[in-house]
Amino acid sequence: MFEKVLIANRGEIALRIHRACREMGIQTVAVHSTADADAMHVRLADEAVCIGPASARESYLNIPAILTAATITGADAIHPGIGFMSENAQFAQMVEEHGFTFIGPTPEHIRIMGDKVTAKKTVLDLGLPVVPGSPGPVETLEEAIAVAEHTGYPVLIKAAAGGGGKGMKVAWSADQLREAYQLARGESRAAFGNDQVYMERYLSKPRHIEIQLLGDMHGNAVHFGERDCSVQRRHQKVVEEAPSPALNAEQREFIGNLAARTTSELGYRGVGTMEFLFEDGEFFFIEMNTRLQVEHTITEMITGIDLVREQIRVATGAPLGYGQSDIRFHGHAIECRVNAEHPETFLPSPGKIDGYHAPGGLGVRVDSALYDGYRVPPYYDSLIAKLVVHGTTRNECMMRLRRALEEFVIGGIDTSLPLHRRIIAEPNFINGNYDIHWLEHLMAGK
Ligand code: ADP
């Protein structure tokens, strides 16, 4: 087992990883920018190293500074968390080359899944259904038009290096495609430094269903069920729940087992998530995230398994030690992502927290690095808290979530708490009757 782990991240996820380490008797090293000197992850870690100025490029994305911090503190392993370096194959490789363990998959798997065109091809060859579209990257506008004629409109142009819903454009006709194609390429060049795009049929009413996976270094893999992440805005998740109210037992078992089998065939190690769109009873793979996900919490609530602990354990080379039938599911869980932003305009709202009260009680979990008087910096992701609620049934879970949202106070800045209170009072949410476009239609008053 590792003695000391460096956590190359910040905010609630750095804290989440610190907690798992402490419970495993592992010492932690926090790294931070000058803007995060007073952050909770820095306060709680055993050691802390300042790795650069506020700009993420010069601190949390600064590979030499992170490796130096690991060297001077004598860490055994580096956990990349979520975002920042977590899906950077070069970073994973350099971590290993410098003699540390990277708590995550091999650089090769990160590379394959990081290029979404290669990812789709790889899983298609292993028997997973994918969204119909271009067989590879689409290099010219003429090719784009030919693909659209073949798949039929509407089509979606997506960035091969995509993430966070960036570089995605819908086209309903050839005329729209002409414009959307150039826009998508420009946007992906700006966001990812890579303007390669591919195309998919644009599904009109799918749900986003993803499978939580875990593989070890010995070819074993299991799944921990699905999460329904269809409540989205601008292709980004807002509320997630597990299990999905849209799947029956047979569909659930089918997609879980298929994803676990594929993970094992890939020889994949660590935690990972295969994301699918689900429409008219059919699943279509869209991508695999080769890291922990923000919403891993709801899976933990219904399985009772600490996924970060499992992630660390398999990174040491330990075998899973259990099989699929040992994983049991209990009740229902929902997560609300609370952002520092205006609930209607979505404008970022950094600043000083003036008054903080987190809800508690049976089945209520708050993952957050906030405290009263803390100043939310303007430089990073706006996620400031995850409210995660568990109940024996979906109804109990929703009633508990409603009262937890009533209790939650985050003063001094705008947050998305009012948006969550609105979502959970909506009859279509209560009935589980929503798809990936539902929230945007609701907000637009449609
Ligand atoms: P990213 O990596 O940018 O998050 P994804 O491929 O994971 O991109 O897609 C993000 C979201 O975009 C999905 O959850 C879904 O809401 C929407 N989306 C992706 N592909 C399609 C598609 N073919 N049709 C309709 N919506 C899609």
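Nothing here was measured: the structure is a model prediction, and the numbers come from that model.

## Comments concerning the overall build of the chain
- Counting its secondary structure elements, the chain contains 15 helices and 20 strands.
- Computed over C-alpha atoms, the radius of gyration of the chain comes to 21 Å, within 12% of the 22 Å expected from 2.2 N^0.38 for 446 residues, which places it in the range of a compact globule.
- Its C-alpha atoms give the chain principal-axis dimensions of roughly 60 × 50 × 45 Å.
- Taking all 446 residues of the chain together, 58% fall into the buried category.
- Taking as baseline every contact in the chain between residues at least 6 positions apart, the subset at least 24 positions apart corresponds to 66%.
- In the structure as shown, the chain presents an accessible area of about 17800 Å², 50% of it carried by carbon and sulfur atoms.
- Distance between charge centres in the chain, computed from 43 positive and 57 negative side chains, equals 3 Å.

## A few points about the UniProt feature "domain: ATP-grasp" (unreviewed entry) in the chain
- Mapped onto the present numbering, the UniProt feature "domain: ATP-grasp" (unreviewed entry) falls at residues 120–316.
- For the annotated span residues 120–316, helix accounts for 36% and strand for 30% of the residues, and the straight-line distance between the end C-alpha atoms is 29 Å.

## Some details on the nonpolar core
- One finds Val-231, Leu-387, Ile-410, Ile-423 and Phe-429 to be the most contacted residues of the largest nonpolar core, which totals 38 residues.
- Among the elements that line this core, the one with the most residues is helix H12 (residues 394–407), at five residues.
- Among residues more than four places away in sequence, those in contact with Leu-387 are Ile-334, Glu-335, Cys-336, Pro-359, Val-364, Arg-365, Val-366, Leu-401, Ala-404, Leu-405 and Phe-408.

## Here we look at the site of the ligand
- Near the ligand, the surroundings consist of 22 residues, among which Gly-165, Arg-201, His-208, Gln-232 and Glu-287 are the closest.
- One nitrogen or oxygen atom from the main chain of Gly-164 is found 3.3 Å from an oxygen atom belonging to the ligand.
- Relative to its unbound accessible surface of 560 Å², the ligand loses 96% to contact with the protein.
- For the shell around the ligand, the elements supplying multiple residues, two or more each, are strand S6 (155–159), strand S8 (197–201), strand S12 (270–279) and strand S13 (282–289).
- Of the residues in the shell around the ligand, the class split is eight nonpolar, seven polar and seven charged.
- Here the shell around the ligand spans two domains, and each of domain 2 (132–201) and domain 3 (207–443) adds at least three residues to it.

## Examining the sheet that holds strand S19 (residues 383–391)
- The eight strands lie next to each other as S13-S12-S9-S10-S11-S14-S19-S17, forming an open sheet whose pairing is antiparallel. With one partner strand each, in any of the chains shown, S13 and strand S17 (364–368) form the two edges of the open sheet. For this sheet the average axis-to-axis angle between neighbouring strands, irrespective of direction, equals 25°.
- Here six bridges tie strand S9 (residues 207–215) to strand S10 (residues 221–233), and the two strands are oriented antiparallel to one another. Among the inter-strand pairings, Leu-214 is bridged to a residue of S10, identified as Val-222.
- This element, helix H13 (residues 417–425), spans S10, strand S11 (236–242) and strand S14 (332–339) of the sheet and lies at about 50° to S11.

## Things to note about the pattern of salt bridges
- Counted under the stated rule, the structure contains 32 salt bridges.
- Between Arg-291 and Glu-87 there is a salt bridge, and its shortest N-O distance comes to 2.9 Å. Placement of Arg-291 in the loop between S13 and helix H10 (296–303) and of Glu-87 in the loop between strand S4 (77–79) and helix H4 (89–97) is noted, with a sequence separation of 204 residues between them.
- Owing to a relative accessible area of 16%, Arg-291 belongs among the buried residues under this scheme.

## Looking at the environment of Pro-378
- Position of Pro-378 relative to the elements: it lies in the loop between strand S18 (375–376) and S19.
- By relative accessible area, Pro-378 is classed as exposed at 54%.
- Taking the C-alpha atoms as reference points, Pro-378 and Ala-35, separated by 343 residues in sequence, lie 9.4 Å from one another.

## Quick look at the pairing of S10
- Counting buried residues along S10, twelve of its 13 residues qualify, which places the element largely inside the surrounding structure.
- The loop that links S9 with its antiparallel partner S10 comprises five residues; one of these, Gly-219, has a positive phi angle of about 90°.
- Across four bridges, the pairing between S10 and S11 is antiparallel. Note that in S11 the partner of Arg-233 across the bridge is Gln-236.
- Remark: two residues form the turn of the hairpin made by S10 and S11, two consecutive strands paired antiparallel; Arg-234 in that turn has positive phi of roughly 50°.

## Quick notes on the sheet that holds strand S3 (residues 47–52)
- Pairing is parallel in the open sheet, where five strands are placed in the order S3-S2-S1-S4-S5. Since the sheet does not close on itself, it has two edges, and those belong to S3 and strand S5 (101–102), each with one partner.
- Pairing analysis gives five bridges linking strand S2 (residues 27–33) to S3, with the strands arranged parallel. Considered in S3, the bridge of Ala-30 is made with Ala-48.

## Overview of the packing of H4 against helix H5 (residues 107–114)
- With their axes 8 Å apart at the nearest point, H4 and H5 run at an angle of 175° to one another. It follows from the interaxial angle that H4 and H5 lie roughly antiparallel. Facing H4, whose interface residues are Ala-89, Ala-92 and Gln-93, H5 presents Pro-107, Ile-110 and Arg-111.
- Split into classes, the residues belonging to the contact of H4 with H5 amount to four nonpolar, one polar and one charged.

## Some thoughts on the confidence of the model for the chain
- Within the chain, residue pLDDT values average 97, and 100% of them lie at 70 or more.
- Taking the mean pLDDT of every element in the chain, the minimum, 94, falls on helix H8 (residues 174–192) and the maximum, 99, on S14.

What counts, and where the lines are drawn
Residues numbered from 1 in each chain as written. Predicted model: local features only at pLDDT ≥ 70, side-chain atom pairs only at ≥ 80, totals over all residues. Heavy atoms only, no water. Helix = DSSP H or I, 4+ residues; strand = E, 2+ residues; numbered from the N terminus. Rg over C-alpha atoms; globule rule 2.2 N^0.38 Å. Buried < 20%, exposed > 50% of the residue type's maximum accessible area, 1.4 Å probe, protein only. Contact = heavy atoms within 4.5 Å. Areas by Shrake-Rupley, 256 points an atom, 1.4 Å probe, with all protein chains shown as cover. Lys, Arg positive; Asp, Glu negative; His and termini not counted. Charge placed at Lys NZ, Arg CZ, Asp CG, Glu CD. UniProt positions renumbered as here; feature names shortened; annotations may be inferred. Core = buried A, V, L, I, M, F, W, Y, C linked by side-chain atoms within 4.5 Å. Near = heavy atom within 4 Å. Polar contact = N/O pair within 3.5 Å; in protein donor to acceptor, adjacent residues only side chain to side chain. Nonpolar A, V, L, I, M, F, W, Y, C, P; charged D, E, K, R; others polar. Domains from an automatic or database assignment. Pairing = 2+ DSSP bridges. Axes fitted to C-alpha atoms, helices over the stretch in contact; angles between N-to-C directions. Salt bridge = Lys/Arg side-chain N within 4 Å of Asp/Glu carboxyl O. Parallel < 35°, antiparallel > 145°, perpendicular 65-115°, else oblique. pLDDT = per-residue confidence, 0-100.

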